[in-house]
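Here are the chains, one letter per residue:
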Amino acid sequence: MKSDQTYPKTEKLKSRKLIDKLFSEGRSVSKFPLRLVYLQTELPEDTIVQVAVSVSKRNFKKAVDRNRIKRLIREAYRLNKDKIKPHLETPHAFMFLYTSKEITDFHTLEKSMKKLLKKFREEAL
RNA sequence: CCGGCAGGCUACCUUAUCGUCUCUUCGGAGAAGGAAAGUCCGGACACCACAGCGCAGCAUAGCGGCUAACGGCCGUCCGUCGAAAGGCGAGGACAAGUGCAACAGAAAGUAUGUACAGGUAAUGCUGUAGUGAAACCAGGUAAACUCUAUGCGGUGAAACGCCAUGUAUACCAGCGCAGAGGAUUGCGCGUCUGAUGCUGGAGGGUAGGCGGAUUGAUCUUUACAGUAAUGUUCAGACUAGAUAAAUGAUAAGGCUCGACAGAAUCCGGCUUAUGGCCUGCCUUUUUU
C-alpha cells in the first residue's frame, strides 16, 4: 500500500474558533526550531486530523520569507504524516509554529519534523 | 578608451517524482510582480438623501495640449545648474490690506537731523547736498499672512447584495405617544431617522455559503491623424482568482551561479527597493 502523502483541503485547519480553542486549551511539544500545539477535539466527519502552520510576523518581516518557511513546514509534514496519522485514534487539531528567527533549509527542517512527531507520539499517545 | 547623460529590454533554464489551487468537453489546460511593496495622488464600483446650501478647510498654480481622472503625461517659454549631452523649478498676484527686511543712513516712516539757499507772523513750510537698489514717493518679499483662479461631500470589498440555519430582541411593517438622541463633513442650515406600548413578520451571532471577483479605460497587432502625450481604426487572444489564504518540495544536469521581492475589489500614475543586458548622445582636462 502506497503511503498517504497528500494535504487536502479537509485536513487544513480553517475554523477561527477552533484555532482560538487550540491556543487556549491545547498542549504542546517542541523540537527546535519547531513547536507543535495539539488538541484532541471534535472535527467534521471522516477527518482524523486538521493542520495549520504559522510563522510570526515579528520574526520574519517579509512576506516572502514567511511564505517560504510555511511551505517548507507544510512539505515536511506532508511527507511524514504517515508516521503519525495512522496512530491517531481520536480527532486532533495541530498547529505548527516556527520559533527560530533564521531561515533554514528543507533537510534540517525535515529532521526536526521527524523528531518532533516521534516526541509527540511518545508523549501524547 | 575612461568618465558623464538619456532611454529601452529582461527577471536562471531543462527533466523526473510527490503535492496545492482554479477551470474542464474528464483527455487535459492554466497558476504572482516589475515593482505584486509604500498606501502618496487620481478614478471605477458600492452604500450613506445619486449627496443639497453657507462658512471653514484641503489641494493645485507660466502657457498650450492629452486623459475617465489626476497633484500624472506630452510640447513649449522663462529661470537656474552644468564645459556639454542634459538635469532641476512651491515659475498666478505685492496697481487691495497687514507684516518683514542685512549694510549704509538722522530717518525705510504716526521720522525730520546737519549744511546751504528760498519762504513765513511762526513752524521741515520748500528745494539742494549727503546714505542707499529705494527717501511721504515708490520698490523688494506671497517655501509671510493674504488675495485670485480651478477642483474637492463622507465611508471603503471586513464596502455592499442574496441565501441557509432558527436564539427570544439590538431588526422590519402597521397603529398611537413623544420630539431626547442618532445619521448626514469640522461648524451652522436643511433633510432623514427616531425612545416606550400593542399587533404581525422575521433578526443578531456562529468571521456559515454564494455573489461582488476577474472580459477589462485589458493585451497583441494593422492602417491613419498628431512634433508628442494620445486618439480613431483592422484582425486576433482570454492571461492567477485564493479566503487562514494555493502557485511548492526534492533529485539530477547546464550556465554568465540567479538581485529586490509574494496577488487579496479592479484600473491609471507617482515614489521607493533591486541583479543583468543593450542602444543612443556629450567631450572640459590628459594620452594616442
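Just so you know, these numbers come straight off a predicted model, no measurement behind them.

Before going further, it helps to spend a moment on the overall build of chain A. Regarding its fold elements, chain A presents three helices and four strands. Element order for chain A, N to C, with α for helix and β for strand: α-β-β-β-α-β-α. Radius of gyration (C-alpha) of chain A: 14 Å, near the 14 Å computed for a compact globule of 125 residues. In terms of overall dimensions, chain A has C-alpha extents of about 35 × 35 × 25 Å along its principal axes. Across the 125 residues of chain A, 40% fall into the buried class. When contacts within chain A are restricted to residue pairs at least 6 apart in sequence, those whose partners lie at least 24 apart make up 79%.

Counting 26 residues, the largest nonpolar core has Leu36, Ile73, Phe94, Phe96, Tyr98, Met113 and Phe120 as the members making the most contacts within it. Of all the secondary-structure elements, those providing two or more residues to this core are strand S2 (34–40), strand S3 (49–55), helix H2 (63–80), strand S4 (92–98) and helix H3 (106–124). With six residues, H3 is the single largest residue contributor to this core. Residues contacting Ile73, with those up to four places away along its chain left out, are Leu34, Val53, Phe96, Tyr98, Leu109 and Met113. Counting 10 residues, the second largest nonpolar core, distinct from the first, contains Leu13, Val37, Leu39 and Leu97.

An order of S1-S2-S4-S3 is seen for the four strands of this open sheet, with the pairing classed as mixed. Two strands lie at the open edges of the sheet, namely strand S1 (27–31) and S3, each paired on one side alone. For this sheet, the mean inter-axis angle between neighbouring strands, taken without regard to orientation, is 20 degrees. Pairing of S1 with S2 involves five bridges; the strand directions are antiparallel. Among the inter-strand pairings, Lys31 is bridged to a residue of S2, identified as Leu34. Most of the contacts of H2 go to S3, to which it runs at about 150 degrees, and overall it touches S2, S3 and S4.

Let us now look at the environment of Pro33. Mapped onto the secondary structure, Pro33 falls in the loop between S1 and S2. Here Pro33 falls in the buried class, since its relative accessible area comes to 9%. Residues within four places of Pro33 in sequence aside, it is in contact with Leu97, Tyr98, Thr99, Ser100, Leu109 and Ser112.

Rules of the game
Residues numbered from 1 in each chain as written. Chains lettered and ligands numbered in written order. Predicted model: local features only at pLDDT ≥ 70, side-chain atom pairs only at ≥ 80, totals over all residues. Heavy atoms only, no water. Helix = DSSP H or I, 4+ residues; strand = E, 2+ residues; numbered from the N terminus. Rg over C-alpha atoms; globule rule 2.2 N^0.38 Å. Buried < 20%, exposed > 50% of the residue type's maximum accessible area, 1.4 Å probe, protein only. Contact = heavy atoms within 4.5 Å. Core = buried A, V, L, I, M, F, W, Y, C linked by side-chain atoms within 4.5 Å. Pairing = 2+ DSSP bridges. Axes fitted to C-alpha atoms, helices over the stretch in contact; angles between N-to-C directions.

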